[in-house]
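# Per-entry structural report
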Amino acid sequence: MEVTLTENPEPLPYDAILFASFGGPEQQEDVVPFLRNVTRGRGIPDERLEVVGEHYRKLGGRSPINDQNRDLISRFEAALAEAGIDLPVYWGNRNWAPYTSDVVGRIHAEGHRRVLAVATSAYSSYSSCRQYREDYAKALVANDLVGEMEIEKVRAYFDHPGFLEPVRDGVRAALAQMRAAGHDPRRTRVLFSTHSIPHVMSQASGPAHKTADDPSAGEVGGWYVAQHLAGCRWVMEQLAETGADNVDALPEWELVYQSRSGAPHVPWLEPDINDRLTELSEDGGTEAVVVVPIGFVTDHVEVVWDLDTEAAETAEELGLAFTRVATPGTDARFVDALVDLVREHVEPGHAPQAVSEVGVVGDTCGTLCCLNGSAHARPVPREGVPLDTVEQIARAMQADEEMTALIAEEQEAHRGAEVPA
Ligand SMILES: CC1=C(CCC(=O)O)c2cc3nc(cc4[nH]c(cc5[nH]c(cc1n2)c(C)c5CCC(=O)O)c(CCC(=O)O)c4C)C(CCC(=O)O)=C3C
Ligand SMILES: [Fe+2]
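Residues numbered from 1 in each chain as written. Chains lettered and ligands numbered in written order. Predicted model: local features only at pLDDT ≥ 70, side-chain atom pairs only at ≥ 80, totals over all residues. Heavy atoms only, no water.

## Considering the overall build of the protein
Here is the rule we go by: Under the DSSP-based scheme used, a helix requires at least four consecutive residues in state H or I and a strand at least two consecutive residues in state E, with every element numbered from the N terminus. Between buried and exposed lies partly exposed: a residue is buried under 20% and exposed over 50% of the maximum accessible area for its type, with that area taken using a 1.4 Å probe on protein chains only. Per-residue accessibility takes into account occlusion by the displayed protein chains alone, with areas from the Shrake-Rupley method and a 1.4 Å probe.
A tally of helices and strands in the protein yields 15 helices and eight strands. Burial status across the protein gives 52% buried among its 421 residues. Surface summary for the protein: the accessible area is close to 18,600 Å², and the carbon and sulfur share equals 49%.

Laid out in structure tokens, this is it:
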């Protein structure tokens, strides 16, 4: 058969894109129901959720995350069109409307069967990667689509240049601003900040890791921290290489953590940004800090509350000059990076762009990838049950009574949710 130029001999393997995010409340009435969704299955009473939700209350009950996603999605759609990639984009959240399960039902009803998911989370860990894949699996179970629809997630993209370049330029501008304000670069410190996670989750992040069941498993995890450090190093090396800064006076940098939650006796990644600010101030030698939320994609509540409000207050009390760099947000380079991640899947032979060697380049997620081995992981891995693909996770969920009950409860809680305009 003759193949003409206008005919694609191999049709695109995907027919829709799922833009997947965390979700957030839109108004005060949504705060507790949203937190119930985030903490479902852990039996946390509403009184406790009120305490947890205090920062949402103070921000008027509305998280900026949904508006930021609406903006990002419309730019992503335009960039896909410009790149000639003709795939519809659907938006689905883990914890607020539009819910992933509702959207997956709609994607199917509109005739699509092979879905490529792009999540607003750039790193490997249970919270930042596998939990999204579990969410897609739940949506397949809830809509009775296991075996009927496939969902695949793009790789961790923390080291895509389109994610890191806007961060680099933000750090450069912030350092120039500190210098202009009279702060000596040698007394200025760059604090890269990311979401703290429990030690067990951190150790389990990445494709293969030791577990209590299998202490002999080849590689140790720890990708979450390794990926962050690789990104931070690249940013600082770029500042030196691109010459806009006096290399000798390039400030010191480190990775710190924020937004810890959970029981105090459970170890999470440290130091907390506020504790570190206190130490730096006590040690002397630091008069200004540039805070870089490298762990996040947009300026959502973890950024505008935990950094711009809490950490900024800590710095002010300590007399440290403070500035916070923007997240990639809707920077055109980041939008193009999302398109490029789609290209990795739809254009055979398209080389992944990655500035580090640490990333999951290609689909190297395995059964143990980012499974944290704690109460969060669902379904819990069992001997001989593969949990590599979203479909396999969904099949394991179907075989687990407790899990199917939880999915039914979730569906009930979501019933009647309006897709916010
Ligand atoms: C690694 C990571 C990211 C980055 C990756 C990604 O972006 O996915 C992230 C993002 C976010 N986390 C967010 C909000 C929350 N995270 C919580 C709780 C937790 N996060 C965790 C980790 C992460 N979280 C963990 C280990 C927990 C405790 C256990 C659990 O509950 O799984 C809780 C419960 C309250 C509490 O426990 O104090 C809330 C309300 C929002 C929305 C912000 C908005 O509304 O603008 C966003 C983008
Ligand atoms: Fe979180």
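Further notes follow.
## Topic: the domain arrangement of the protein
Condition: The split into domains, and so the bounds of each, comes from an automatic or database assignment of domains. Accessible area, probed at 1.4 Å, shrinks when two parts are joined; the buried area is that loss added up over both. When a carboxyl oxygen of Asp or Glu lies within 4 Å of a side-chain nitrogen of Lys or Arg, that pair is called a salt bridge. Lys, Arg, Asp and Glu make up the charged group, whereas Ala, Val, Leu, Ile, Met, Phe, Trp, Tyr, Cys and Pro make up the nonpolar group; the residues left over, Gly among them, are polar.
In terms of domain boundaries, the protein breaks down into domain 1 (16-157 + 332-350 + 384-414) and domain 2 (161-324). The straight-line distance from the C-alpha centre of domain 1 to that of domain 2 is 26 Å. Here domain 1 packs against domain 2, burying approximately 1,900 Å² in sum over the two surfaces, 69% of which is carbon and sulfur. Among the residues of domain 1 in contact with domain 2, Tyr123, Ser124 and Arg333 are the three that bury the most area, contributing 35% of the side total. Counting every contact that joins domain 1 to domain 2 gives one salt bridge. Across the pair Asp169 and Arg333 runs a salt bridge whose closest N-O atoms are separated by 2.7 Å. At the level of secondary structure, the elements contributing two or more residues to the side of domain 1 that touches domain 2 comprise helix H3 (54-58), helix H4 (65-82), helix H6 (126-142) and helix H13 (332-346). Residues belonging to the side of domain 1 that touches domain 2 are distributed by class as follows: 11 nonpolar, nine polar and two charged.

## What to know about the packing of aromatic side chains
Operational definition: Any two rings among Phe, Tyr and Trp, with Trp reduced to its six-membered ring, count as a pair given centres within 6.5 Å; such a pair is stacked if its planes are under 30 degrees apart, edge-to-face if over 60, and tilted if neither. Geometrically, a charge over a ring is one whose NZ (Lys) or CZ (Arg) sits within 6 Å of the ring centre while staying within 35 degrees of the ring normal.
Going through the model one piece at a time under the given rule, you end up with 11 aromatic pairs. Three or more aromatic residues joined by ring pairs form one cluster here, namely Tyr123, Tyr157, Phe158, Phe163, Tyr224 and Phe334. Arg94 extends its terminal NZ or CZ atom over the ring of Tyr132, reaching a point 4.5 Å from the ring centre. Here Arg114 stacks its cationic end above the ring of Tyr14, 5.2 Å away from the centre of that ring.

## Points about the site of ligand 1
Rules: In these notes, residues near a molecule or strand are those with any non-hydrogen atom within 4 Å of it. Two N or O atoms count as a polar contact when they lie within 3.5 Å, although within protein this holds only if one can serve as hydrogen donor and the other as acceptor, and sequence-adjacent residues are included solely when both atoms are side-chain atoms.
Close to ligand 1 lie 25 residues; Arg42, Tyr56, Ser63, Tyr132 and Val301 are nearest. Between ligand 1 and Ser63, the relevant distance is 2.6 Å, taken from an oxygen atom to a side-chain nitrogen or oxygen of the residue. One of the side-chain N or O atoms of Tyr132 is found 2.8 Å from an oxygen atom in ligand 1. Surface burial for ligand 1 is 91%, taken as the share of its 860 Å² of free accessible area covered by protein chains. Going through the elements one at a time, helix H1 (31-38), H6 and helix H11 (301-304) are the ones with two or more residues in the shell around ligand 1. Of the residues in the shell around ligand 1, the class split is 14 nonpolar, nine polar and two charged.

## A closer look at the sheet that holds strand E2 (residues 89-93)
Put simply, the rule is: Strand pairing follows a simple DSSP-based rule, namely that at least 2 bridges must link the two strands. Where helices are involved, their axes are fitted lines through C-alpha atoms of the stretch in contact, as for all axes, and angles between N-to-C directions lie from 0 to 180°. Any pair of residues with heavy atoms lying within 4.5 Å of one another is described as a contacting pair.
One open sheet holds the four strands; their spatial order is E2-E1-E3-E4, and the pairing between them is parallel. Edge positions in the sheet fall to E2 and strand E4 (150-153), since each has one partner strand and no second. Shown here is a sheet whose adjacent strand axes are inclined to one another by a mean of 30 degrees, direction ignored. The pairing of strand E1 (residues 16-21) with E2 spans five bridges and is parallel. Bridge pairing in E2 places Ala20 opposite Gly92. Strand contacts of H4: E1, E2 and strand E3 (114-119), with the helix running at about 160 degrees to E2, the strand carrying the most contacts.

## Some words on the confidence of the model for the protein
How we decide: Each residue carries a pLDDT score, the predictor's confidence in it, ranging from 0 to 100.
Residues of the protein with pLDDT of at least 70 account for 89%, and the chain-wide mean is 89. Predicted confidence for residues 1-9 stays below pLDDT 50, and this span has two contacts to residues more than four positions away or in other chains. Every residue in residues 214-218 scores below 50 in pLDDT, and together they form four contacts with partners more than four places removed in sequence or on other chains. Model confidence for the complex: the whole-complex pTM is 0.93, and ipTM, which rates the interface, is 0.95.

## Points about helix H10 (residues 273-283)
In an α-helix, one turn spans 3.6 residues; hence positions three or four apart end up facing the same way. What counts here: In this description, the arc belongs to the directions extending from the helix axis to the C-beta atoms.
Among the residues making up H10, those that are buried are Ile273, Asn274, Arg276, Leu277 and Leu280. Down the axis of H10, the buried side of the element spans an arc of 160 degrees, and every buried residue falls inside it. Seen from the open side of H10, the exposed residues pointing more than 90 degrees away from its buried face are Glu282 and Asp283. On the buried face of H10, the contacting elements are strand E5 (188-195), strand E6 (252-258), strand E7 (288-292) and helix H12 (306-318). One side-chain oxygen at the N-terminal end of H10 lies 2.9 Å from the backbone nitrogen of Asn274; it belongs to Asp272.

## Some remarks on the environment of Arg276
As for its position among the elements, Arg276 is in helix H10. Residue Arg276 is classed as buried on the basis of its relative accessible area, which comes to 13%. Distance from Arg276 to Tyr257, taken between C-alpha atoms, is 9.3 Å for residues 19 residues apart in sequence. Not counting chain neighbours up to four residues away, the residues in contact with Arg276 comprise Arg189, Glu254, Val256 and Pro271.

## Digging into the sheet that holds E5
Pairing between the strands of a sheet comes from backbone hydrogen bonds, and it takes one of two forms, parallel or antiparallel. Taken in spatial order, the four strands of this open sheet run E6-E5-E7-E8, and their pairing is parallel. The two strands at the open ends of the sheet, each matched to only one other strand, are E6 and strand E8 (321-324). Neighbouring strand axes in the sheet, compared pairwise and without regard to direction, differ in orientation by 25 degrees on average. Pairing of E5 with E6, which is carried by seven bridges, proceeds in the parallel orientation.

## Some points on a negative patch on the surface
Inclusion rule: Residues enter a patch when their relative accessible area is above 30% and they make no salt bridge; the linking distance is 9 Å between like charges and 5 Å between nonpolar side chains (Val, Leu, Ile, Met, Phe, Trp, Tyr). Note on charges: Lys and Arg go in the positive column, Asp and Glu in the negative column, and His and the chain ends are not counted at all. Lys charges are placed at NZ, Arg charges at CZ, Asp charges at CG and Glu charges at CD.
The grouping of Glu310, Glu313, Glu316 and Glu317 at the surface amounts to a negative patch. Summarising the element assignment, Glu313 is placed in helix H12.

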